[in-house]
Amino acid sequence: MKPRPRSGVDLHTHTTASDGLLGPTALVELAGFRGVRTIAVTDHDSTEGVAEATRTGLSLGVEVIAGVELCARHADQDVHILAYHVDACSPAWQQALLQHRRRREDRAARIVETLANLGVPVGMDLVRQQAGAGAIGRPHIARALVAAGHARSSSEAFARWLGRDKEAFFSVASLSAEETVSLVGDLGGVAAIAHPAGLFDLDDLVARLASLGLGGMECYYSHYRAGVTSALVALARRHRLVATGGSDFHGEEVHGPRQLGGVYVPPDVPAELRARVRRGYTGADPRP
Ligand code: AMP
Ligand code: ZN
Ligand code: FE
Ligand code: FE
């Protein structure tokens, strides 16, 4: 199959408000430069980058959708949930995000302690320096390990200590996937499962979450082969979910290179998400 053209839509991006390398303005400028007309800013547990991105977008003609990426629990796995169009001014939303960020702080300290026990000491101040004002995550610890001379690259730090099943890995999830989807729906946003390929028992997970108001699933994603995407789109259709997509751009390599706007996403997806918000029920399309 021929690769599809890019569509100028990217609904999964990170900024310095979490573990991305570009600030919100630089991200939107890059989008404008690359001809990406619509982006969702989906930082981990934070909406801090959204206002600045929106302002820059207004001046450059780039539409910015408010988003967040949350890490949730399901059985023994972490499931990432994208939340679109939740009102950033909602106190309940900001309270929930603040709690998630506090958990990130505690978990970072735990990782740092474990790394010291493993003989790769890295100061919490150095980690904080990498994170700046952003929600702290494993990539900041990986960059600190590189800065401290323990690893040559972030990828190496993940491969040796920070990746899932490595000794210094701790999950950041606090809520279950069900609780997360319900929270997002209650606040009027659209919840979508992020990068679902490889999740254990995905059909069952989707069925459960769809019954709780899941509205979308990320079917178009960096490095997904056409066959993976088409199987995911079929699953999304069966549950009447919006088949969303994005690059998961961080401004650096994360599991291989990813480019802003580098993934084909059907151009009508932003309008489909908006339509769900407008009708007031953001979950799966009701059956006729
Ligand atoms: P956290 O939310 O703190 O658990 O960190 C998750 C983030 O770590 C992801 O969004 C990626 O940015 C990054 N990440 C996860 N796995 C890897 C990996 N193997 N190599 C590089 N970055 C990774
Ligand atoms: Zn990330
Ligand atoms: Fe993710
Ligand atoms: Fe992400």
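Just above, that's the structure.
To keep things clear, this report deals only with the structure shown in the data block. (Residues numbered from 1 in each chain as written. Chains lettered and ligands numbered in written order. Predicted model: local features only at pLDDT ≥ 70, side-chain atom pairs only at ≥ 80, totals over all residues. Heavy atoms only, no water.)

**Here's the deal with the coordination of the zinc ion (ligand 2)**
Then step 1. Listed as protein donors to the zinc ion (ligand 2) are Asp 19 (OD), Asp 19 (OD), His 44 (NE2) and His 250 (NE2); their distances from the metal cover 2.1 to 2.7 Å.
Then step 2. The metal-metal distance between the zinc ion (ligand 2) and the iron ion (ligand 3) is 5.9 Å. Here His 44, found in strand 2 (residues 38-44), pairs with His 250, found in the loop between strand 7 (242-246) and helix 10 (269-279); they are 206 residues apart in sequence, far enough to count as distant. With respect to burial, His 44 and His 250 carry one shared label: buried. (Donors = N, O, S within 2.8 Å, 3.2 Å for Na, K, Ca; no water. Helix = DSSP H or I, 4+ residues; strand = E, 2+ residues; numbered from the N terminus. Buried < 20%, exposed > 50% of the residue type's maximum accessible area, 1.4 Å probe, protein only.)

**Overview of the nonpolar core**
Taken as a class, soluble globular proteins show a tendency for nonpolar side chains to be buried jointly.
Then step 1. Core analysis: the biggest nonpolar cluster contains 46 residues, and Tyr 84, Ile 193 and Met 217 have the highest contact counts within it.
Then step 2. The element best represented in this core is strand 4 (residues 77-84), accounting for five residues.
Then step 3. The next biggest cluster of nonpolar side chains, apart from the first, holds 20 residues, and it includes Val 120, Ala 131, Ala 151 and Trp 161. (Core = buried A, V, L, I, M, F, W, Y, C linked by side-chain atoms within 4.5 Å.)

**Notes on the coordination of the iron ion (ligand 4)**
Then step 1. Taken together, His 12 (NE2), His 14 (NE2), Glu 69 (OE) and Asp 248 (OD) make up the protein donors of the iron ion (ligand 4), found 2.1 to 2.2 Å from the metal.
Then step 2. Taken together, the four donor atoms surrounding the iron ion (ligand 4) define angles of 78 to 167° at the centre, an arrangement classified as irregular.
Then step 3. As a motif over one chain, the donors of the iron ion (ligand 4) read H-x1-H-x54-E-x178-D.
Then step 4. Separating the iron ion (ligand 4) from the zinc ion (ligand 2) is a gap of 4.5 Å. In this pair, His 12 is assigned in strand 1 (residues 9-13) and Asp 248 in the loop between strand 7 and helix 10, connecting sequence segments 236 residues apart. (Tetrahedral: all angles 85-135°; square planar, octahedral: opposite > 155°, others 65-115°.)

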